[in-house]
Amino acid sequence: MELGGKRKYCAIAKDITERKHVEDALRENESKLSQAQRIAHIGSWVYNVTGKLSWSDETYRIFGVSPDTFTLNVESFLNLIHPDDRAAMQAWINACLAGEKPGELEFRSIMPDGSIHFISGLGELKYDAENRPISMTGTAQDITERKQAEEEIRLGRERLALAQEVGKIGTFEWNIQENRTIWTEQMEALYGLQPGGFGGKNEQWEKMLHPEDHDRVMAEAARAISEKKDLEIEYRVVLDDGSVHWILDTARTIYDDSDKPLRMVGVNMDITERKQAAEKLRKSEELFRKLIEAEPECVKLLTKENILVDMNPAGIRMIEADSREQVIGKSVLGIIDPEYRKDFVELIQRVFNGESAFLEFSITGLKGSKRWLETHAVPLRDDNGKINLLISVTRDTTERKREEQERFALVAREQAALAGAEAARKLDRMKSMFIASTSHELKTPLNSIIGFTSLILDGTSGELNPDQKEQLAIVLSSGKHLLALINDILDLSMIESGRIKVVVSEFNLRQIVDEAASSFNVILHEKKLELKAGVGDIRMKSDRMRILQCIVNLLSNAIKYTEKGSVEITAKVIENNVEISVIDTGIGIKTEDIPKLFSPFVRLHSPLTLKTSGTGLGLYLVQKIVRDFLDGDVEVKSEFGIGSKFTLLIPIELEGKV
């Protein structure tokens, strides 16, 4: 300005120090806020009622966009949100604008790279002095990591619950001081309870303990707490439905600094199936052990080094040991005769190479007796298929060896001395002796087959399906038939070779008849036949076993060839003889066939021949025994299609027979 012809300057100075401090403080606060938002991953936003939307820098980072390139408005913001969550976001915004406080909203946002993040949003409406809404402010926070962690926890819980359900495992926590217990749903299911069925008191659990296990379980739990030891115990529980289950309980106690027990946490597992399997295995092993112990032949286990691991009582007796302890853990080569030791070692090597092997050899027992043996050995494998032991069954063949030597010597002598018919007769006798010896050798394994088949059919080794039962029944029937054939052949050979012995004793005939009749109860029931026995007290002095054999043979034939009606056995004394009759209502015998009845290996043709088993030796043996050894005779009367009557005439007292 000009004043007095001169240019003058006028200025006003104002102290703005306080404003500068405020601006500096504001900038510092904004910087701190921005830094805090960045550290906490929390952004802020403001939505003006005029429609303007503004974000903090951290909000841009949370949504993965840049303020330099992103045009911020409500529409562009909604486009960042997952399509499935946009409606919820719009509803949330409308609620906030309406003055409501809807709380936190979790939604998904699609990042520029296509990844999906979880965002948590909060907001509220601001008002002016006249209570008019002017803006809506809020926060946004990226909670992706938290959601992922929550999902992992959820999946982990699901996996744990599934594992507990599949494994029949439950967990519990017992507050010892307050006597409160928490059970998981799996724990409740373990005890047959519905979810929420456990009341939280240990008394409920105690009542479910099996009465025989209750005191033991409570004592073990108390001891574990007092001695600061982990609890591991098996016990039974009785569920509401009455079923009994086995539980494996493992737990640990938590103590405070003064060693005061606070809580016990643990796991329960249902081990019922395992216990049942173990019990079944124990019974199976016990049965196997009993069968081996009862086996009349030697059964033994050997290592690759010829060391004896186990041997049944029959084997201990065979090698003349006083006890198992005397030989277990020692080599068996010492008792094998020197000329057979190499062969025995080779047998063991073959078995441990996976083969089965057979050997005949001789031994000298611990007390000096020499024996001939034959053994059949097979490999025994562990669960991994590795051969770890040899198991063998050994039979004493000393008597057979001796008989063979006698037979060979006898054959040599007879062949040199006999000629013509006499030679043929004696050779026939040797044949009978050979048949008898061979029959003895056949009966031992056959008895084992019949015995083991009967045990399996009885279900001792486990349940069988119908096909298995039918097939094993055929095996059992065939075995019994073969055994009967062998017994008949044995009796025949003994009779014809003159080796049978008559044993005279006093007895009551009625007892023999009752004994014979009782052996046919099953087949009589199956065929619906009646067996009548009209025999009084008759004292006899004769060969009890041979009379019983004859009565059994006659009853067997009568029942076999009678389809309906009855079978009757009577006995009466006539002077010095006893007349024993077996009468049936069976198919009868044609007159022309009666002379053939007592011929060996002859079976008359009839409609029942194919349906019934037999050897054709029964009546032949009856006649031979009665005539040659009991000083009696056999009579038969029969009417074809009506029935038959077989009668034994036997002296009431047999003298001079030995």
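The following paragraphs examine the structure supplied in this document.

## Quick notes on the side chain of T181
Relative to the elements of secondary structure, T181 occurs in strand β9 (residues 180–183). Side chain to side chain, T181 and N202 meet in a polar contact 2.8 Å long. If sequence neighbours within four positions are ignored, T181 has contacts with F172, E173, W174, F198, G200 and N202.

## Points about helix α4 (residues 86–97)
Across its 12 residues, α4 extends 17 Å between first and last C-alpha, which sits within 8% of the 16 Å expected from 1.5 Å per residue. When we look at burial in α4, the residues that qualify are M89, W92, I93, A95 and C96. All buried residues of α4 lie within an arc of 160 degrees about the axis, which places them on one face of the element. Contacts made by the buried residues of α4 are with β3 (42–48), α3 (74–80), β5 (105–110), β6 (116–127) and β7 (133–142). Following α4 by one or two positions, G99 has its phi on the positive side, about 90 degrees.

## Focus: the packing of helix α15 (residues 509–518) against helix α17 (residues 544–560)
At a minimum axis separation of 9 Å, α15 and α17 run at an interaxial angle of 45 degrees. Between α15 and α17, the crossing angle belongs to the class labelled oblique. By crossing handedness, the relation of α15 to α17 is classed as right-handed. The residues of α17 that touch α15, namely those facing L509, I512, V513, E515, A516 and A517, are R544, I547, L548, I551, V552 and L555. Its residues assigned to classes, the contact of α15 with α17 comprises 10 nonpolar, no polar and 2 charged.

## Observations concerning the pattern of salt bridges
With the rule as written, the count across this model stands at 40 salt bridges. Linking K126 and E124 is a salt bridge whose minimum nitrogen-to-oxygen distance equals 2.9 Å. Across the pair E173 and R263 runs a salt bridge, and its minimum N-O distance is 2.9 Å. Separated by 90 residues along the polypeptide, E173 in strand β8 (residues 169–175) and R263 in strand β12 (residues 261–270) bring together distant segments of the chain. Of the residues examined, E173 reaches a relative accessible area of 32% and is grouped as partly exposed. Each of E297, E360, E374, R395, R400 and K401 takes part in salt bridges that share partners, so that together they form one network.

## Re the nonpolar core
Ranked by internal contacts, the top residues of the largest apolar core, which has 41 residues, are L509, M540, I547, I551, I580, F646 and L648. Ranked by the residues each element gives to this core, the list is headed by α17, at 8 residues. Not counting chain neighbours up to four residues away, the residues in contact with I580 comprise L509, I547, I551, I569, T570, A571, F646, T647, L648 and I650. In this structure, V327, I335, L347 and L390 belong to the second largest nonpolar core, which totals 27 residues.

## With respect to the side chain of D270
Take D270: it is sitting in strand β12. Assessed through its relative accessible area of 13%, D270 is described here as buried. Among the polar contacts listed, one links the side chain of D270 to the side chain of H245, at a separation of 3.0 Å. Within polar-contact distance, the side chain of D270 engages the side chain of T272 at 2.6 Å. If sequence neighbours within four positions are ignored, D270 has contacts with K168, L190, H245, W246 and I247.

## Focus: the environment of F507
In this structure, F507 sits in strand β18 (residues 505–508). For the pair formed by F507 and R539, sequence separation is 32 residues and the distance between their alpha carbons is 5.8 Å. Not counting chain neighbours up to four residues away, the residues in contact with F507 comprise I512, I538, R539, M540, S542, D543, R544 and I547.

## Focus: the sheet that holds strand β10 (residues 231–238)
Read from one edge of the open sheet, 5 strands run β9-β8-β12-β11-β10, paired in antiparallel fashion. Since the sheet does not close on itself, it has two edges, and those belong to β9 and β10, each with one partner. Neighbour to neighbour, the strand axes of the sheet diverge by 25 degrees on average, direction disregarded. In this sheet, β12 lies alongside strand β11 (residues 244–255) in antiparallel orientation, the contact comprising 9 bridges. Bridge pairing links L248 to M269 in β12.

## Describing the sheet that holds strand β13 (residues 298–302)
On the basis of which strands lie adjacent, the open sheet formed by 5 strands has the order β14-β13-β17-β16-β15 and antiparallel pairing. Sheet topology places β14 (308–311) and β15 (357–364) at the edges, where each strand pairs with a single neighbour. Within this sheet the neighbouring strands show an average axis-to-axis angle of 30 degrees, counted without direction. Here β15 runs beside strand β16 (residues 370–381); their pairing, made up of 8 bridges, is antiparallel. Across the sheet, residue S362 finds its bridge partner in β16, namely W372. Across the sheet, helix α11 (residues 338–352) is in contact with β13, β15, β16 and β17 (387–396); its angle to β15 comes to roughly 145 degrees.

What counts, and at which threshold
- Residues numbered from 1 in each chain as written.
- Predicted model: local features only at pLDDT ≥ 70, side-chain atom pairs only at ≥ 80, totals over all residues.
- Heavy atoms only, no water.
- Helix = DSSP H or I, 4+ residues; strand = E, 2+ residues; numbered from the N terminus.
- Polar contact = N/O pair within 3.5 Å; in protein donor to acceptor, adjacent residues only side chain to side chain.
- Contact = heavy atoms within 4.5 Å.
- Expected span 1.5 Å × (residues − 1).
- Buried < 20%, exposed > 50% of the residue type's maximum accessible area, 1.4 Å probe, protein only.
- Arc of directions from axis to C-beta.
- Axes fitted to C-alpha atoms, helices over the stretch in contact; angles between N-to-C directions.
- Parallel < 35°, antiparallel > 145°, perpendicular 65-115°, else oblique.
- Left-handed = near helix turned anticlockwise from the far one by under 90°.
- Nonpolar A, V, L, I, M, F, W, Y, C, P; charged D, E, K, R; others polar.
- Salt bridge = Lys/Arg side-chain N within 4 Å of Asp/Glu carboxyl O.
- Core = buried A, V, L, I, M, F, W, Y, C linked by side-chain atoms within 4.5 Å.
- Pairing = 2+ DSSP bridges.

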